[in-house]
Amino acid sequence: CSFSSHITTRRFATTADRAEPGTSRAATLLVAIPKQDDIELLSPDETQVLLTERATEKLRAISTSENDPSLRIAVESGGCHGYQYKMELTSQRAPDDYQFIHRTHRSASIVIDAVSVDLLKGSTVNYATELIGSSFRIIDNPQAKGSGCGSGVSREQSF
């Protein structure tokens, strides 16, 4: 069953995000790749996603209170200059999903569809707490070229 919790972020990372305590990064393990023949698969070396300590702890806390959900991350067209991230909790995996888990905390799981994984490779997932709320966020996305008009993330295609 899918969870109705939707966590969406439209903010591009700043230098301040990288300096916060609890944002040291840990690599994830790719544990599942798409099983469809019509999908061009990326190698495990190309699909690296990192988790901060805060994101790992929040995913662990959610997995103990819920039914072991994963954080689903998708990149969607949006904003005036590019893409936006959509995040939600889910306990289901689609045939075209890549699944990542934290190397030591197996309950911290991320699911990314085959199209979005190319736009997110090398990114870091963080969990930020602010006065107006808390949310998972993508920081330090090497595929992003800037923040466009402030409503999402632009990506420069290299051919």
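Refer to the preceding data block for the structure.
Residues numbered from 1 in each chain as written. Predicted model: local features only at pLDDT ≥ 70, side-chain atom pairs only at ≥ 80, totals over all residues. Heavy atoms only, no water.

A. Region of the structure containing the overall build of the protein chain. When helices and strands are tallied, the protein chain shows three helices and eleven strands. Tracing the protein chain from N to C terminus, the helices and strands come up as β-α-β-β-α-β-β-β-β-α-β-β-β-β. Classification of the 159 residues of the protein chain by burial places 45% in the buried group. The contacts of the protein chain with a sequence gap of at least 6 include a subset with a gap of at least 24, amounting to 62%. Surface accessibility of the protein chain: about 8300 Å² in total, with carbon and sulfur atoms responsible for 49%. (Helix = DSSP H or I, 4+ residues; strand = E, 2+ residues; numbered from the N terminus. Buried < 20%, exposed > 50% of the residue type's maximum accessible area, 1.4 Å probe, protein only. Contact = heavy atoms within 4.5 Å. Areas by Shrake-Rupley, 256 points an atom, 1.4 Å probe, with all protein chains shown as cover.)

B. Molecular detail of the environment of Leu51. Here Leu51 is to be found in strand 3 (residues 50–52). Here the alpha-carbon distance between Leu51 and Ala108, two residues 57 residues apart in the chain, equals 8.9 Å.

C. Just helix 2 (residues 53–65), in detail. Here helix 2 spans 19 Å end to end across 13 residues, near enough to the 18 Å set by a 1.5 Å rise per residue. Along helix 2, the residues that are buried comprise Ala55, Thr56, Leu59, Ile62 and Ser63. Here the buried residues of helix 2 occupy an arc of 130° about the axis, which is enough to place them on one side. Exposed residues pointing more than 90 degrees away from the buried face of helix 2 are listed as Thr64 and Ser65. (Expected span 1.5 Å × (residues − 1). Arc of directions from axis to C-beta.)

D. Structural view of the nonpolar core. Counting residues in hydrophobic clusters, the biggest one holds 25 residues, and the most contacted among them are Leu71, Ile73, Ile110, Ile112, Val125 and Phe136. At the level of elements, helix 2, strand 4 (70–78), strand 5 (82–90), strand 6 (97–102), strand 7 (109–113), helix 3 (114–120), strand 8 (124–130) and strand 9 (133–139) are the ones that each hand at least two residues to this core. Here this core gets four residues from one element, more than from any other, and that element is helix 3. Once you skip the residues sitting within four places of it in the chain, Val125 turns out to touch Val49, Leu50, Leu51, Thr52, Ala55, Leu71, Ile73, Ile110, Phe136, Arg137 and Ile138. (Core = buried A, V, L, I, M, F, W, Y, C linked by side-chain atoms within 4.5 Å.)

E. Local environment of the environment of Ser70. Structurally, Ser70 can be placed in strand 4. Placed 40 residues apart in sequence, Ser70 and Ile110 show a C-alpha to C-alpha distance of 5.2 Å. Each residue touching Ser70, except ones within four places of it in the same chain, is listed here: Glu88, Leu89, Thr90, Gln99, Ser109 and Val111.

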